[in-house]
Amino acid sequence: MGKRRRRCRTSSSTSSSSSSSSTSTTSSGVLEHSDPQVLLGVMLAALSNRELGKPGSEGNQVIHKALDHLLLSLLSKSPNLILHSQRTLHISIISLLPVLLSSRCSEVACSSLEIVGAASLFSIEMNEQIATDEEIVKGLISGVASSRRSVSMAACNALLDLLTTSVGRCRLLEFSAIDNLILFLTIVASCNEKFLRQKTTEEVLYSSNKPKSKGQATEEGGTLREADRKKKMEKVDGSGNNDERGKRVMEGGNGIRCWNVPKSSIPSISLIMEEVGTITCFRIGFTEDEYPILLLHVAITLINECTLGQLRKVPRELSKSLLMYLAKLWTEVHKHILVDAVHESERFFYLSNIRTNNLAESLFRLSMEGVFSIPSKFQEVKRSIFHLDQISFESFGVNHWEESPLLITSPSNALLHDNVFSSFLQHIRSKETVPSFLACLLQNHASALPISSDELDIISFLNEAREHIGCPIIYQQDIRVLKTLDSKGERHFFHRSSDSHGSEVPHFLYAHDVLRCEEAYNDGYTFALRGMEFHFQDIATISEGLAILFGQPSTGVNMYLTPPNSQGLARHRDDHCVLVCQISGVKRWKIFPSPCPRLPRLYEPVDDLLDLESEFELIDGCKEFLLREGDILYIPRGFPHEACTIIDDAKPNGNAEFSLHLTLAIEIEPPFEWEGFVHVALHHWGRNYNLSNRISCESSSWDVDDVAVHLMHIAIKLIGDVDPMFRKACLVGSISFPSEGWLQTHQQSTFNQLLSRINAITSFSDVVSNVEAAIAEHEDPFEKLRWLRHLEQKISSFGMEDLIHLVHEKDKVEAAFMEVKSEFCNGVVFEDVVPHYSMILEKYRRTRKQYINGMLALNCI
């Protein structure tokens, strides 16, 4: 088991140890040579002492000494009778711990908590033994909220030790430890040190079985009487006015109370660099008391182990309170990451075990769950892009979508300050110079780590990316700084570097790189930033509205800032459609005809166009467009294009200006091409077809119908690789809007055409040849159809055994295949497929929304 560094015993424990030496020699001797039963008897006898509640009572000293004896055995890992052969604590010790944890004697409670922590680190078996004892877990959670600082800190350390196993983490989450920790941390973080030492915290104790009446004193928790509690609250401010700080808010039905307290300022921090394997990490050092930071560490550790279901159970008010604190703290941490400053540890009041990526992950997790509904600005996004007096969305979809470029000029009465891009434009104009705008932009960006296109489990993504989340932006991944001279290739401002093995090393942009922005801009370099929807809430809203408009899970937004008389990217073509939205300045675009009738697919290599440059120069179909502020240019995927800034002759001064535009990228992922829709249709039709069991051999262990449906999936994929219509975007996801009734008719007609093509050209021999070739190359013929596993009823596997049957009973399989093809193409109903397609679309949308929400929280703009 991994172990964290144990803290030294508290001063109170030390003083208690010295005082315990005054206990009788007889008791000392018994403890030195005790077996479990004797040790238990001594502590039970001490617990029966009537003066046990007094801090200096002899009974407490005896218990404390016995606990020290046990702790020494655990820390030394020496064989001892108090340990079972299975490396677990004796049952008698376990049974006594809950009573000791709730002791009113701080020294006894702290020693008991240290034993829990040491036992949790001693072995996996002992950790699980502690975690499975309900009363001990409750005692730990109550200890965190103790009004006694030493007890609360000891409980935090014990919790961190227990969290080293999955069983420990699950048990703490099961007993709502995260709710209590967030609540108590919010209170502590919102108060000054003096208030912390005076204020009672017993109101936030873990609620176990039944609530206690007001004024009731308890043996286990030491709850203050109501009068004492009132006096404590009156000490918050000198006047006794506690309306603001003392206002308690009940959280619905869970027995948790919290105070609305003023938010404290974030403590000063610094970072210490450390190497963890091949990864460079930063630990956060605080110029603040260790106590609240220890609470923060436990809360972050628990949050980062939560499932989505557990996170959703955290009361909204608690989540919001902690989120506000973490966001402020992250703002300071992010600044230090950019500076890449490493200070000496002696400058810290407390060097925590919290790493910057741990903090970033908690902030991401608490932010990712939001409202999943149609954005209120959807219609505004539609009007801002497709000006109703020029072109309707219907006309665009029929005549230009994935077919030909289109310039939509901004009407004189509809400038940018009247549409969805106005807030971004105002942000730009609030900066005095272009370099200052760039510096502000880059300083507040965190890297948008790539997420797999078919990843629909956001927790799985976080578990894989957790070591890097919150890192500075990465060159080539998040930003490119480049220029093109005479259309002859691109030149990058920042150069790539490699390690000793020749592998490319990520280039993080720190503060010294940001300072070079002005130099690069003045030298004619274009700044290309990806993922603007992860950095600006308003742009995220535009992105979401556009995705709904085109029936896709999400859309991307990139920003391009080009100096006067410059060209950024060289001539190229994209694997996605773009809407170029000119925000400021003027830019001239050249768009060439697509060299291939088939649309390029997302994630597949796009042909290198540099060798074809001379050929393109001879093409008469090249079109030029001049974009001014407010204009929008649509470029279908696959059309080569390039752009440069020029002098705007329409302006009186005739000076060259910089250009800034956003490209709204409509990326058509495999499930949402027409091929994907047909796969969904086949899958759900096939499940009903198999139930009829028309051709299956009942005596056989394999189902020939199921094999035939699998082969039909491969047949559809083969057709999709060559037929341009199958590569087009399916817009069925946008038919939920009544105003787009024309679209449903158009989509249904397209689906019927695809079925006719499948029925006419599908070849069984081609399918079998493809499967045999894939198996021979040790490839999975369904690799490109992995996304089908996200369907409501997952597709069954197709393995070597099925291939053997396919080879030996080819005639039977071919008959089944031809039957399936005919029945599917003639019997599937468009309206029956739409709900299943919409369901997988919503799954993708939810994950993308979670990712965007989490990333927006990490960006400090």
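Residues numbered from 1 in each chain as written. Predicted model: local features only at pLDDT ≥ 70, side-chain atom pairs only at ≥ 80, totals over all residues. Heavy atoms only, no water.

Draft legend 1. Inspection of the overall build of the chain at higher detail. For the chain, the count of helices and strands is 34 helices and 18 strands. Out of the 861 residues in the chain, the part that is buried amounts to 55%. Summarising the internal contacts of the chain: among those between residues at least 6 apart in sequence, 81% fall at separations of at least 24. (Helix = DSSP H or I, 4+ residues; strand = E, 2+ residues; numbered from the N terminus. Buried < 20%, exposed > 50% of the residue type's maximum accessible area, 1.4 Å probe, protein only. Contact = heavy atoms within 4.5 Å.)

Draft legend 2. Looking closely at the packing of aromatic side chains. In this structure the tally under the stated criterion is 27 aromatic pairs. Judged by centre distance (5.9 Å) and plane angle (75 degrees), the ring pair of Phe-672 and Tyr-837 falls under edge-to-face. Highlighted residues: Phe-672 in the loop between strand S18 (659–666) and helix H27 (674–692) and Tyr-837 in helix H34 (residues 830–858), separated in sequence by 165 residues. When the centroid spacing of 5.1 Å and the interplanar angle of 90 degrees are considered together, the rings of Phe-672 and Tyr-844 count as edge-to-face. Placement of Phe-672 in the loop between S18 and H27 and of Tyr-844 in helix H34 is noted, with a sequence separation of 172 residues between them. (Phe/Tyr/Trp six-rings, centres within 6.5 Å; stacked < 30°, edge-to-face > 60°.)

Draft legend 3. Local environment of the nonpolar core. Counting residues in hydrophobic clusters, the biggest one holds 106 residues, and the most contacted among them are Ile-130, Leu-172, Leu-295, Leu-296, Phe-364 and Leu-858. Top contributing element to this core by residue count: helix H14 (residues 290–303), with ten residues. Once you skip the residues sitting within four places of it in the chain, Leu-296 turns out to touch Leu-185, Phe-286, Tyr-325, Leu-326, Leu-329 and Ile-354. Counting 61 residues, the second-largest nonpolar core is a separate cluster that includes Ile-473, Leu-546, Cys-581 and Ile-668. (Core = buried A, V, L, I, M, F, W, Y, C linked by side-chain atoms within 4.5 Å.)

Draft legend 4. Quick peek at the confidence of the model for the chain. Overall, the predicted model of the chain reaches an average pLDDT of 78, with 72% of residues at or above 70. Below a pLDDT of 50 lies the segment residues 192–264, which in the model reaches 113 contacts outside its immediate sequence neighbourhood of four places, other chains included. Low pLDDT (under 50) marks residues 694–701, which in the prediction has 16 contacts with non-local residues, meaning those over four places away or in another chain. (pLDDT = per-residue confidence, 0-100.)

Draft legend 5. Highlighting the pattern of salt bridges. Tallied over the entire structure, the rule returns 24 salt bridges. Across the pair Arg-786 and Glu-783 runs a salt bridge, and its minimum N-O distance is 3.5 Å. Residue class for Arg-786 comes out partly exposed when judged on its relative accessible area of 40%. Linked by salt bridges that have partners in common, Asp-454, Glu-783, Arg-786 and Arg-789 make up one network. (Salt bridge = Lys/Arg side-chain N within 4 Å of Asp/Glu carboxyl O.)

Draft legend 6. Inspection of the sheet that holds strand S4 (residues 279–286) at higher detail. Spatial ordering of the open sheet is given by S3-S4-S5, a layout of three strands whose pairing is antiparallel. Looking along the sheet, the strands with just one partner apiece sit at the ends: strand S3 (269–276) and strand S5 (350–355). Along the sheet, successive strands turn relative to each other by an average axial angle of 35 degrees, direction set aside. Direction of pairing for S3 relative to S4: antiparallel, over a ladder of eight bridges. For Met-273, the partnering residue across the bridge sits in S4 and is Phe-282. Seen against the sheet, H14 touches S4 and S5 and runs at an angle of roughly 10 degrees to S5. Each of S3, S4 and S5 touches helix H17 (residues 356–367); the most contacted strand, S5, lies at about 55 degrees to it. (Pairing = 2+ DSSP bridges. Axes fitted to C-alpha atoms, helices over the stretch in contact; angles between N-to-C directions.)

Draft legend 7. Molecular detail of unusual backbone geometry. A positive phi angle is found at Ser-176, which is not glycine, with a value near 60 degrees. Assignment of secondary structure puts Ser-176 in the loop between helix H10 (166–174) and helix H11 (177–189). Overall, the relative accessible area of 30% leaves Ser-176 in the partly exposed class. Unlike most non-glycine residues, His-778 shows phi in positive territory, near 55 degrees. Among the residues examined, His-778 registers a relative accessible area of 77% and is labelled exposed.

Draft legend 8. Representation of the sheet that holds strand S17 (residues 641–645) within the structure. With respect to topology, three strands assemble into an open sheet ordered S15-S14-S17, the strand pairing being antiparallel. Looking at the sheet topology across the chains shown, the edges are occupied by strand S15 (623–627) and S17. Ignoring strand direction, the axes of neighbouring strands in this sheet form an average angle of 20 degrees. Judged from the five bridges that link them, strand S14 (residues 587–591) and S15 form a sheet pairing that is antiparallel. Residue Trp-589 lies in a different strand from S15, and its bridge partner there is Phe-625.

Draft legend 9. Seen up close, the environment of Arg-169. Tracing the backbone shows Arg-169 in helix H10. Spatially, the C-alpha atoms of Arg-169 and Ala-131 are 8.4 Å apart, while their sequence positions differ by 38 residues. Arg-169 has contacts with Leu-162, Leu-163, Thr-164, Leu-302 and Glu-305, leaving out every residue within four places of it along the chain. A polar atom in the side chain of Arg-169 sits 3.3 Å from the side chain of Glu-305. (Polar contact = N/O pair within 3.5 Å; in protein donor to acceptor, adjacent residues only side chain to side chain.)

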